[in-house]
Amino acid sequence: DAEVTLRVRFLDPAPKPENETCGTAAVLAPFTQVSATVIDAERDVGSACSAELGDLVYTFTLAETSDVRLRATSEDGLGDAVLSLRSEACALPEDEITCVSGNPAVLFQRSLPAGTYFVAVSATAPTDLKLVLEVFPPTEAPADEICEGAPALPHNTTVTVDLTDHTDDVRTGCSTGFADAAYSLVIDEPSDVLLVQRFAQGEHGAVQLSTPACATPEDRLACGIATQSPARASVRKLPPGEYRAIVESRHASEVTLTAFVRPYAPPTLVAFADRCEDAVVVPRHGGFFQGNTANATSDYSAGCDYGGGMPAPDQMLRLDLDERKRVVLDMNGSGYQTLLNVRRGPECPGTEVVDACDIGASASRSFLDRILEPGTYWIQIDGFAGGAGPWFLDVRIVDP
């Protein structure tokens, strides 16, 4: 049982909007805000961006090549706006140039040629929207805008990517309507690659690894989408060659990207390691580990375990650092709700490292990215709320 709030408004009757279809589209003048009430509109155009409701259609004409930005905001906050920019043909799914959703929904398209275009406006719930079209002189695309000629991405180094004024160019199906940037990633030998993208609170992010073409779903090698930072994508035993690392952002904000690259090594099976004295040692260059806690016992507690007092079985790994390092621990792919905890020795189980305990209740499981000082550390593989089962742990150790 829970309390709910119901708000009812009695409004004066109003006629249905007439701009229901491409043929009855309302003219959208630049820099003029219009109201769009999306309540009972029919769905008239095909779009890659999903919406619960139908759409209203607007049109505008460009006399010359221009940059275009469309903004739609829900006045009452009851639903996300959905915008679809469409060619002059308008109605069919293939007539869509790009689409985006959010509150606000901001759609940017660089250097649209002169001509007539349409905009379909919808929402995820009945709402009143404010819509505005902005038109600017054409600008030059950033070097990382498209996959062709993408700038090089260094290994094991975090770079900052400003996606402001980037467009949605990569259409491999990893995300829909997200602004993106592409980088060239060169691999010299068979390697394990982990891409990590961090983004701001309230943002949605995606990261992917692709072939250089990055034009179709067949080019996509790995994709990770997240509503909470970070987003991760990984490929093991990637053959030597040139690839594309792509970051994507729903609201075209600033993000960071790291390509962790390590020579391929077969996975290490953690068969026992139930207690400290049996802990499996992590090599200084890291590695990929797999085990199963179903046959282990619960030996150690964890500060972030708020799973209702249900103990979970755990296994232990040992990590010795001679110098200050950046240590990344990724449990993506594990078969249960994981709990990952890092403790500092030298005695086991040691003292929990501050902010180094993470619950992996989501599909991407536990993840930690920490700078660790020289010393002995104990990595505790545990479960949330009594969870147990098969697990994977990718350990990356690089210079900070």
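Residues numbered from 1 in each chain as written. Predicted model: local features only at pLDDT ≥ 70, side-chain atom pairs only at ≥ 80, totals over all residues. Heavy atoms only, no water.

### Considerations on the environment of Q380
Along the polypeptide, Q380 turns up in strand β26 (residues 375-383). Relative accessible area serves as the criterion here: at 0%, Q380 is assigned to the buried category. As for Q380 and D314, which are separated by 66 residues in sequence, their C-alpha atoms are 6.6 Å apart. Beyond its immediate chain neighbours, meaning those up to four positions away, Q380 contacts Y300, S301, A302, D314, Q315, M316, L339, L340, N341 and R343. Here S301 takes part through its backbone oxygen, which lies 3.4 Å from a polar atom of the side chain of Q380. (Helix = DSSP H or I, 4+ residues; strand = E, 2+ residues; numbered from the N terminus. Buried < 20%, exposed > 50% of the residue type's maximum accessible area, 1.4 Å probe, protein only. Contact = heavy atoms within 4.5 Å. Polar contact = N/O pair within 3.5 Å; in protein donor to acceptor, adjacent residues only side chain to side chain.)

### Considering a nonpolar patch on the surface
Among the surface-exposed residues, L6, V8 and F10 lie close enough to one another that they form a single nonpolar patch of about 430 Å² accessible area. On the basis of relative accessible area, V8 is assigned to the exposed category, the value being 54%. (Patch = residues over 30% accessible without salt bridge, like charges linked within 9 Å, V, L, I, M, F, W, Y side chains within 5 Å. Areas by Shrake-Rupley, 256 points an atom, 1.4 Å probe, with all protein chains shown as cover. Salt bridge = Lys/Arg side-chain N within 4 Å of Asp/Glu carboxyl O.)

### A closer look at the pairing of strand β27 (residues 390-398)
Judged by how many residues are buried, β27 sits mostly within the fold: seven of nine residues are covered. One ladder, built from seven bridges, connects strand β20 (residues 286-292) with β27; its direction is antiparallel. Within β27, the residue paired with G286 across the bridge is R396. Relative to β27, strand β22 (residues 325-330) runs antiparallel, the two sharing five bridges. Bridge pairing in β27 links V328 to R396. (Pairing = 2+ DSSP bridges.)

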